[in-house]
Amino acid sequence: MVTLSVIVAMCDVRDYCRTALKSLALNAREDFEFIVVDDGSVDGTSEILQEMVPRIPGAVLIRNPGNLGISATRNIGLAAARGRFFTFLDGDDWYAPGYLAQLVGWMGQSGVDFLRTGHVRVYGRKRKIVMAPLAPRALPLDPADYIGPVDASTFMDYPQSWAGIYDRERLREVGALFFDETLRTAEDRPWFYKLHLRTRSFGVVDLHGVFYRRDVSTSLTKVADERQLDFLPAFRLIFEELAAHPRGYELSFKAMRTLCALIVIHMDRAESYEELTRTLLMERGAQLLEELPQDILEGTLAGMDSARVNKLRALISRHQGAAAR
């Protein structure tokens, strides 16, 4: 019986994938499987995977026919998974030795549908421990209760799917197992809303054995093209999910607050984007805000600082003016 499936998406991570694969070997156990999915790498990653993966106990290598994106790649791994539980690792990150055994131990004891952890953020040689947002530790919790509050950092602001472990069959039962494959970035955000709205319980533990590299030049967070804007359709999916939930109206204010904050963040750094991406950000951002429930938008803006509110109102006003001409 396979207890844990680890799904590892690899795409053009030649300089980092050896560390990730070595950390899998140091966490190997008879009842663990490692599903490494090469998402059309062209920088030499594929050759390293072909050499190293067969030497890792419990590891299998799957090659995508081309670059399919992170959502489709994880879904391919999920479809192949046999474990009672599953988790993720990105190809430029790594695990501390023995971390996965601790993770499975906590999950087995808790009996929850999914469990969240902290992680270690890596900036070059610097390390910083990041704890999961505040919640009672090692207790079963109602996931919907921890979407808010609106004006504080919550699990909705911590959308790192690799900082957690998940009950595969339970997520399949509630239709929350797979990612939306139209999203090339921001795929974790609607996925976590589904988990928090559809599952029965989750827990939080003070584990932090995942090492997460920041400032990686090949990371999708660094791209300047249209893929940066997938947070907009991601929030459209989130609002559709919320609309079908009995507490959806109440919880929509948290989603709206996050959406408004993200639009402003992207507006502030839009000069680094391609011209087409900047134009699409303004058009699609304003259009989405106009399409969503206006009472929720106005209620959200009433609680935000004037600098961000002014930027958002100007964005909407310019879009309405352009549409009227």
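Relevant structure appears above.
The shown structure was predicted, so the numbers you read here are calculated from the model rather than taken from an experiment.

Thoughts on the nonpolar core
Then step 1. Membership of the largest hydrophobic core comes to 94 residues, with the highest contact counts inside it found for Leu24 and Leu259.
Then step 2. Take this core: its biggest share by element is nine residues, from helix H8 (residues 248-268).

Details of the sheet that holds strand S8 (residues 126-130)
Then step 1. Ordered by their spatial adjacency, four strands build an open sheet running S5-S11-S7-S8, and the pairing between neighbours is mixed. This sheet does not close on itself; its edge strands, each paired only once, are strand S5 (94-95) and S8.
Then step 2. Note that S5 and strand S11 (residues 210-213) share two bridges and pair antiparallel. Counted as the bridge partner of tyrosine 95 is valine 210 from S11.

As for the packing of aromatic side chains
Then step 1. With the rule as written, the count across this model stands at 16 aromatic pairs.
Then step 2. Ring geometry for tryptophan 162 versus tyrosine 212: centroids 4.7 Å apart, planes at 40°, classification tilted. One end of the pair, tryptophan 162, is in the loop between S8 and strand S9 (164-167); the other, tyrosine 212, is in strand S11, and 50 residues separate them in sequence. Here the two residues tryptophan 162 and tyrosine 212 agree in accessibility, since each one is buried.

Thoughts on the pattern of salt bridges
Then step 1. Scanning all chains against the criterion turns up 25 salt bridges.
Then step 2. With its nearest N and O atoms 2.8 Å apart, the salt bridge here joins aspartate 157 to lysine 254. Remark: lysine 254 occurs in helix H8 and aspartate 157 occurs in the loop between S8 and S9; sequence separation between them is 97 residues.
Then step 3. Under the relative-accessibility criterion, lysine 254 is labelled buried at 4%.
Then step 4. Here arginine 172 and glutamate 169 are joined by a salt bridge, their closest N and O atoms 3.9 Å apart.

A word on unusual backbone geometry
Then step 1. Here the residue pair glycine 148 and proline 149 is connected by a cis peptide bond, since its omega of 5° sits within 30 degrees of zero.
Then step 2. Mapped onto the fold, proline 149 is located in the loop between S8 and S9.
Then step 3. Phi angles above zero are rare outside glycine, and alanine 138 is one such case at about 55°.
Then step 4. Structurally, alanine 138 is set in the loop between S8 and S9.
Then step 5. Residue alanine 138 is classed as partly exposed on the basis of its relative accessible area, which comes to 43%.

Some points on the packing of helix H6 (residues 188-198) against helix H7 (residues 231-243)
Then step 1. In the contact formed by H6 and H7, the axes pass within 8 Å of each other and the chain directions differ by 10°. Looking at the two axes, H6 sits roughly parallel to H7. Handedness of the H6/H7 crossing: right-handed. Seen from H6, the contacting residues are Arg189, Pro190, Tyr193, Lys194, Leu197 and Arg198; seen from H7, they are Ala234, Phe235, Leu237, Ile238, Glu241 and Leu242.
Then step 2. Split into classes, the residues belonging to the contact of H6 with H7 amount to eight nonpolar, no polar and four charged.

Considerations on the pairing of strand S4 (residues 85-90)
When a strand is regular, its side chains alternate between the sheet's two faces.
Then step 1. Summarising burial for S4: six of the six residues are buried, a large majority.
Then step 2. In S4, alternate side chains face the same way, and those of Phe85, Thr87 and Leu89 on one face and Phe86, Phe88 and Asp90 on the other are all buried.
Then step 3. Where strand S1 (residues 4-10) lies against S4, six bridges are found, and the strand directions are parallel. Considered in S4, the bridge of valine 8 is made with leucine 89.
Then step 4. Sheet analysis places S4 next to S9, joined by two bridges and oriented antiparallel.

Description of the environment of glutamate 33
Then step 1. Topologically, glutamate 33 is positioned in strand S2 (residues 32-38).
Then step 2. Taking the C-alpha atoms as reference points, glutamate 33 and tryptophan 94, 61 residues apart in sequence, are found 16 Å from one another.
Then step 3. Those residues in contact with glutamate 33, other than ones at most four positions away along the chain, are Val2, Leu4, Ser5, Val6, Gly58, Ala80, Ala81, Arg82 and Gly83.
Then step 4. In this structure the side chain of glutamate 33 is engaged in a polar contact, spanning 2.7 Å, whose partner is the backbone nitrogen of arginine 82.

Conventions adopted
Residues numbered from 1 in each chain as written. Predicted model: local features only at pLDDT ≥ 70, side-chain atom pairs only at ≥ 80, totals over all residues. Heavy atoms only, no water. Core = buried A, V, L, I, M, F, W, Y, C linked by side-chain atoms within 4.5 Å. Buried < 20%, exposed > 50% of the residue type's maximum accessible area, 1.4 Å probe, protein only. Helix = DSSP H or I, 4+ residues; strand = E, 2+ residues; numbered from the N terminus. Pairing = 2+ DSSP bridges. Phe/Tyr/Trp six-rings, centres within 6.5 Å; stacked < 30°, edge-to-face > 60°. Salt bridge = Lys/Arg side-chain N within 4 Å of Asp/Glu carboxyl O. Axes fitted to C-alpha atoms, helices over the stretch in contact; angles between N-to-C directions. Parallel < 35°, antiparallel > 145°, perpendicular 65-115°, else oblique. Left-handed = near helix turned anticlockwise from the far one by under 90°. Contact = heavy atoms within 4.5 Å. Nonpolar A, V, L, I, M, F, W, Y, C, P; charged D, E, K, R; others polar. Polar contact = N/O pair within 3.5 Å; in protein donor to acceptor, adjacent residues only side chain to side chain.

Shape descriptors only; they carry no functional weight alone.
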